[in-house]
Amino acid sequence: MFNQLSLFARSFALGVLLGAVSLPAAAADSQADELAQLKMQLNQSVEMIRALAARVHELEAKQGREAAGSATAAAAAPAPQAPPATPVDAQRLDSVEQKVNQIETDNATRHGDDTGLPMHGFADIGVGTHNPFFPGSKGFDLDNLDFYLTPRLGGKFLALFELNFEVDREGSVGVDIERGQLGYQFSDEATLWIGRFHTPYGFVNTALHHGIWINDALRRPQFLMFEDQGGILPAHTVGAWLTGAKRGDGGKVLYDVYIGNGQQIIDGEIDMRSAGNDHGKPIYGGRAGYQWTAGAAEGLTLGVHAFDSKIDDNQVPQGMTEVRVYGGYAVYDTDRWEHMAEVYFFDNLDTYPNTGGHHSKAYYAQFGYRAPWIIPYVRYERTLLDQTDQFFNQQATGMSYYRTAAGLRYDFNLKTAFKFEVAKTHYTDRIVGQFNEVLADVAIRF
């Protein structure tokens, strides 16, 4: 009897659970309300199951006590056994359980396919003897309010849009679409993007983007800053980009191939020509690397990169330079260490006016230690830029320098970080001199 009662309790509870799960799926207008109701009713069903199970256990215990008090009768005539559950009952119970599991899976899948506009963001506020982006300013500074939107397009189609509210040298707030990418993922080994993306050279430019919170250091190396923050390389490209990774035992091969609009230097800054260019000369290049994912070298990535572009300016008469860049990078990133280094070689050719070839280089090395409560780091940067090369001569920040810096990062929680850096910068041509910096920043993500 009590075994049958136990079976009935399970069947009744699962029936209630089935009704609680399936009813909102048919009646709710809003998926968010439906999910909330499902959770509430599922919790109620679980409590009912527990109550029924407790009652069955109590009755079975009572039966045992009564049987122990009637030893003589039990010896003369064995207590009749409750009939076991029939195969039909067991099949019915299994069917109910399968339906519950199927409905839960369908609801989770339907919720995951919801067409919405997921949005995340970053922001930071700093103070220092110099602004980390614009050394001519000091005091408190409001930097970026950066939004990341990742619309769900369904299937293998991808999308990423980055909307950045940033403060310029004069303190005015401007809005820029830093990235606008539509993609198609053929497989883990190949994804094709079109639109505006971070040019895939080196490591920093694609790994440490506009969200300052992402980087352990307070800032990127100066020559690798974005175009409107003093960088000397085309950090953005508008075009097409094929990227992927081929996995193997103990590591994976990484690759990038891209082509896009050739950039232009406008009023001392590189512009990526988001609306198209008028000289028809593209930028094209690639990057290849190998990342160890197991063994003694786990966390190490080594790679090479190169690109070529004809970049003109808005001067009168207009000049044009074929910018040819190649180099390499090394990254060692583990739970304890964060080391990175990059080198860039420039073999530029001034095509108009024809002043011949020019050779320059730039590099940096940064070493960090991830302690349990703080991340200290040191960095050295160096550029040796030929000032007769009109590509550098036309840029407001195209001078040579070297910088030593040391800093730390402290995370208040998973979304808020405090950063501090002291640095000394020496300019060695065009502007000769040095200045010291003490910088602090609070960065958040949301």
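Residues numbered from 1 in each chain as written. Predicted model: local features only at pLDDT ≥ 70, side-chain atom pairs only at ≥ 80, totals over all residues. Heavy atoms only, no water.

Colleague: Hey, could you run me through the packing of aromatic side chains in this one?
Modeller: One pair of aromatic rings is described through two measures. These are the centre distance and the angle between the planes. The full count for this structure, using the stated rule, is 19 aromatic pairs. Relative to Trp213, the ring of Phe122 has its centre 6.4 Å away and its plane inclined at 35°; by these criteria the two rings are tilted. Within this pair, whereas Phe122 is found in strand β1 (residues 119–128), its partner Trp213 is found in the loop between α5 (204–207) and β6 (236–248), the two being separated by 91 residues in sequence. With respect to class, Phe122 is no different from Trp213; both count as buried. Its end group placed over the ring of Phe226, Arg220 keeps NZ or CZ at 4.2 Å from the ring centre. (Phe/Tyr/Trp six-rings, centres within 6.5 Å; stacked < 30°, edge-to-face > 60°. Helix = DSSP H or I, 4+ residues; strand = E, 2+ residues; numbered from the N terminus. Buried < 20%, exposed > 50% of the residue type's maximum accessible area, 1.4 Å probe, protein only. Lys NZ or Arg CZ within 6 Å of the ring centre and 35° of its normal.)

Colleague: Would you mind showing me how to read the pattern of salt bridges here?
Modeller: Think of it this way: side chains of opposite charge can pair up when their charged atoms draw near. Counted by the stated rule, this structure contains 18 salt bridges. A salt bridge links Glu322 to Lys310, with the shortest nitrogen-to-oxygen separation between them at 3.8 Å. In this pair, Glu322 is assigned in strand β12 (residues 320–333) and Lys310 in strand β11 (residues 300–313), connecting sequence segments twelve residues apart. Judged by its relative accessible area of 22%, Lys310 is partly exposed. Note that Arg403 and Glu437 form a salt bridge whose closest N and O atoms lie 3.8 Å from each other. You can see Arg403 sitting in strand β16 (residues 401–411) and its partner Glu437 sitting in strand β18 (residues 431–445), a full 34 residues away along the chain. The class of Arg403 is buried, set by a relative accessible area of 2%. Under the relative-accessibility criterion, Glu437 is labelled buried at 2%. Sharing partners across several salt bridges, the network here consists of Asp216, Asp333, Glu338, Arg370, Arg409 and Asp411. (Salt bridge = Lys/Arg side-chain N within 4 Å of Asp/Glu carboxyl O.)

Colleague: Honestly, unusual backbone geometry in this entry has me stumped. Any pointers?
Modeller: Phi is mostly negative for residues that are not glycine, and the peptide bonds are mostly trans. Residues Val316 and Pro317 are joined by a peptide bond in cis, for which omega reads -5°. Of the consecutive residues Tyr352 and Pro353, the connecting peptide bond is found in the cis state with omega at -10°. Along the chain, Pro353 falls in the loop between β13 (337–352) and β14 (354–369). For Asp267, which is not glycine, the phi dihedral falls at a positive 50°. Phi at Arg273 is positive, roughly 55°, even though this residue is not glycine. By the element assignment, Arg273 lies in the loop between β9 (269–271) and β10 (282–292).

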